[in-house]
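Chain by chain, the residues:
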Amino acid sequence: MSESYTGDRLSIPVAVFHGAQTGPRMFVTAAVHGDELNGVAACRELIQSLDPQRLRGTILIAPLVNILGVQLHSRYLPDRRDLNRAFPGSPTGSLAARIARVVLDEIVVASDLGVDLHTAANRRTNVPQVRIDTADPQTLRLAEAFGAPYILSAATRPGSLREVAADRGVPVLTFEGGEALRFDTDAIQVATEGILRLLHHLQMTDAAPEPPHDPPVVMHDSRWIRAERGGILDLQVGPGDQVRVGQTLWATTDPFGHERSAVDSPDDGVVIGATTLPLVSPGDAVLHVGLVGERPPHEDDPSEEEDQVEDDHPA
Ligand SMILES: [Zn+2]
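Residues numbered from 1 in each chain as written. Predicted model: local features only at pLDDT ≥ 70, side-chain atom pairs only at ≥ 80, totals over all residues. Heavy atoms only, no water.

1. Focus: the environment of Leu199
With respect to the element layout, Leu199 can be found in helix H6 (residues 185–201). Spatially, the C-alpha atom of Leu199 lies 9.2 Å from that of Pro24, the residues being 175 residues apart in sequence. Look past the residues within four positions of Leu199 in its chain and what remains in contact with it is Met26, Leu50, Ile59, Met204 and Thr205. (Helix = DSSP H or I, 4+ residues; strand = E, 2+ residues; numbered from the N terminus. Contact = heavy atoms within 4.5 Å.)

Structure representation (structure tokens):
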């Protein structure tokens, strides 16, 4: 798509599977944040397993969308911009804007729907989850067919791939699972099998992995629980655990083990994300708790497309 100062042509690798029969067009994108690698592994498995002869429709798979960030092991582009805040982009704008526009035109709006694969940011981990607008019944059905353990209703962030795709009528499931710069076997399997189930749900393939034993838990909201006092962390719960109001979530101690503070859960919910760094300062986000049950009416939704705390440059 462009030329670097080394003279190399920069291109974003895309595998295109044109089925022998007609059907929907679906895209899969990974590494929009260049240090989020579980989706890269899921794309690799998909590319190896798909057979165009047995496919109805078309699948576009882009394992390394932010290829410059991947080369640097970085969430961001070399110009320090976040590609997932740069959509819809522009052919005459910044590097991020130009890449965003190519991805939007060539992959996103060329599709009927898509899946965008992410992980938690540096020093955090997420349980496998799909983030959508659960108020949209069509997208909710797609997320249920995907079969990740959790479906989280998340407002879109300005400039994100999911938001701009939704504006153009292309439903997108944002998958989150695992950590940055690591492969997490469970998250990779949930992502890969979820996409294969989605293809089967859309009648693009004839077979799919079994649906999960338990249907996905739908969460209409979530909140990050932050530390009021710093210290060395003693987490009492972990990713995937159910928590109850008043249950102790963590304590912090001084270096000699004397307790400084204990933090109780303000909500009933499920831990869907957590810090992996056991040293906390006041204000640090320690646990992300998904709230099960109905959303209270007329309440603004503070949740984010991405974990807001993972952003070095919050909006
Ligand atoms: Zn991400």
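After that view of the structure, there is still more to cover.
2. As for the domain arrangement of the protein
When its domains are assigned, the protein resolves into domain 1 (2–201) and domain 2 (221–293). The straight-line distance from the C-alpha centre of domain 1 to that of domain 2 is 30 Å. Contacts between the two partners involve 10 residues from domain 1 and, on the opposite side, 15 residues from domain 2. Viewed at the interface, domain 2 and domain 1 are joined by 0 salt bridges. Our enumeration of links across domain 1 and domain 2 arrives at 6 residue pairs in polar contact (both at pLDDT 80 or more). At the level of elements, strand E7 (124–132) and strand E8 (150–153) are the ones that each hand at least two residues to the side of domain 1 that touches domain 2. (Domains from an automatic or database assignment. Salt bridge = Lys/Arg side-chain N within 4 Å of Asp/Glu carboxyl O. Polar contact = N/O pair within 3.5 Å; in protein donor to acceptor, adjacent residues only side chain to side chain.)

3. Some thoughts on the coordination of the zinc ion
Every protein donor of the zinc ion is accounted for by His33 (ND1), Glu36 (OE), Glu36 (OE) and His118 (ND1), and the metal-donor separations fall at 2.1 to 2.5 Å. Note that the zinc ion binds 4 donor atoms; their angles at the metal cover 55 to 145°, and the shape is irregular. Binding-site remark: the zinc ion is held by donors from one chain whose sequence spacing is H-x2-E-x81-H. With Glu36 in the loop between strand E4 (21–30) and helix H1 (38–49) and His118 in strand E6 (residues 113–118), this pair connects stretches of sequence that are 82 residues apart. According to the relative accessible area criterion, Glu36 is buried, its value standing at 1%. (Donors = N, O, S within 2.8 Å, 3.2 Å for Na, K, Ca; no water. Tetrahedral: all angles 85-135°; square planar, octahedral: opposite > 155°, others 65-115°. Buried < 20%, exposed > 50% of the residue type's maximum accessible area, 1.4 Å probe, protein only.)

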